Amino acid sequence: MFGLFNPKPLLDPSSVDWILAIQDWIYDPDNGPGLKLSGRLVCPNNEDFPGRASSVEEKASLLLEQIQAHAGLAHWPCTAITQEDVQHLQDQQALADNQRYIVYPASAVGDTQALIATMVQQLAAHLVRQASTPPPADEEQWPLVVELLGIQLGFGVMFANSAFAFRGGCGGCRTPNRAVYLSQDEATFALALFCHTHSIDRSQVFKHLKKHLPPIYRRAAKNIHATLPSKTQLKRLEIS
């Protein structure tokens, strides 16, 4: 009684419905971004991101190459550059037409997970724009769609770990080293939904999440299990 045994769901029903609709679009082979998603969780560790770099530029290029490989986009001609580089190339009229420029802020270089999420955001934005049918969202919601797609590409741990987090006390909210659109709860819910869809055990996730996130993930998992049985099953591609 008094709601002690029925804790409030992590997300409200309308938010859950919207995220499920976007996931259905992502997995729709006819209307979505046209990817054959691997369903593999990419982790912020040396196994998924091996190697060392001797400079900021080398680190960014190496990470982008590895991200593209994990996302199935290794065939895309992409170049990692800073905003200052973009301005310089524009001034010199030296931007190549056949390149996708992945722009990263200098503030993210010291935060590898934020840098990875930033690069994934931009790759996902290209995928959303080239989809045969736009996502079921208003244009101002497209940055949210981009992050949800990035999580479905397997990079949800990095998105959840680099989302806004409340410190408590007078520290306020930590400003992350990337542009953030999904809240921490929404990003963690989307990560749990990805793992539910691909039968990934939470133990694989928890060892890479920041310490305050596993309880949020558990609430998200309960939210998902309470919701999905009454919903139309998610559309799925044949996972290769």
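Our subject is the structure listed above.
Everything in this summary refers to the structure shown in the same document. (Residues numbered from 1 in each chain as written. Predicted model: local features only at pLDDT ≥ 70, side-chain atom pairs only at ≥ 80, totals over all residues. Heavy atoms only, no water.)

Here helix α2 (residues 56–71) crosses helix α4 (residues 112–130) at 55 degrees, and the two axes come no closer than 10 Å. By the angle between their directions, the pair α2 and α4 is classed as oblique. For the crossing formed where α2 meets α4, the hand is right-handed. Listed contacts from α4 to K59, A60, L63, L64, I67 and Q68 of α2 are T112, L115, I116, M119, V120 and L123. Considering only residue class, the contact of α2 with α4 consists of nine nonpolar, two polar and one charged. (Axes fitted to C-alpha atoms, helices over the stretch in contact; angles between N-to-C directions. Helix = DSSP H or I, 4+ residues; strand = E, 2+ residues; numbered from the N terminus. Parallel < 35°, antiparallel > 145°, perpendicular 65-115°, else oblique. Left-handed = near helix turned anticlockwise from the far one by under 90°. Contact = heavy atoms within 4.5 Å. Nonpolar A, V, L, I, M, F, W, Y, C, P; charged D, E, K, R; others polar.)

Further remarks concern unusual backbone geometry. Although it is not a glycine, S199 adopts a positive phi angle of roughly 55 degrees. With respect to the element layout, S199 can be found in the loop between α6 (184–197) and α7 (202–206).

The N-to-C vectors of α6 and helix α8 (residues 214–227) enclose an angle of 60 degrees; their axes lie 9 Å apart at closest approach. When the interaxial angle is binned, α6 and α8 end up oblique. Seen along the crossing, α6 lies across α8 with a hand that is right-handed. Facing Q184, D185, T188, F189, L191, A192, L193, C195 and H196 of α6, the residues of α8 in contact are I216, Y217, A220, A221, N223, I224 and H225. In terms of residue class, the contact of α6 with α8 is built from 10 nonpolar, five polar and one charged.

All right, on to the nonpolar core then. In this structure, M119, L153, F155, F189, L191, V205 and L209 are the most contacted members of the largest nonpolar core, which totals 71 residues. Once residues within four sequence positions are removed from consideration, L153 is found in contact with L35, L37, R40, V42, A71, V120 and L127. (Core = buried A, V, L, I, M, F, W, Y, C linked by side-chain atoms within 4.5 Å. Buried < 20%, exposed > 50% of the residue type's maximum accessible area, 1.4 Å probe, protein only.)

Our focus in this paragraph is the environment of N177. Mapped onto the elements of the fold, N177 is located in the loop between β4 (173–174) and α6. Considered as a pair, N177 and G110 are 67 residues apart in the sequence and their alpha carbons are 8.8 Å apart. Apart from residues no more than four positions distant in its own chain, N177 is found in contact with P105, S107, A108, D111, A114 and T118.

Counted under the stated rule, the structure contains two salt bridges. Two residues, R178 and E147, come together in a salt bridge whose shortest N-O distance is 3.2 Å. Placement of the pair is R178 in the loop between β4 and α6 and E147 in helix α5 (residues 142–161), with a sequence separation of 31 residues. Residue R178 shares its accessibility class with E147, and that shared class is buried. (Salt bridge = Lys/Arg side-chain N within 4 Å of Asp/Glu carboxyl O.)

The next subject is the state of the cysteines. Applying the stated criterion across every chain yields a total of zero disulfides. The thiol of C43 is not disulfide-bonded; the next cysteine sulfur, from C195, is found 9.1 Å away. By relative accessible area, C43 is classed as buried at 9%. (Disulfide = S-S within 2.5 Å.)

Within the structure shown, the criterion is met by one aromatic pair. Centroid distance F206 to Y217: 5.3 Å. Interplanar angle 90 degrees. Geometry classified as edge-to-face. Of this pair, F206 sits in helix α7 while Y217 sits in helix α8, and the two are 11 residues apart along the sequence. For Y217, a relative accessible area of 3% corresponds to the buried category. Lying over the aromatic face of W76, R100 brings its terminal NZ or CZ to 3.8 Å of the ring centre. (Phe/Tyr/Trp six-rings, centres within 6.5 Å; stacked < 30°, edge-to-face > 60°. Lys NZ or Arg CZ within 6 Å of the ring centre and 35° of its normal.)

We now examine the environment of L191. The topology assignment puts L191 in helix α6. Accessibility expressed as a relative area gives 0% for L191, which makes it buried. A sequence separation of 14 residues divides L191 from V205, and the C-alpha atoms of the two residues are 9.1 Å apart. Other than its neighbours up to four places away in sequence, L191 contacts L41, I151, G156, V157, A160, V205, L209 and Y217.

Limitation: the analysis is restricted to geometry and does not speak to function.
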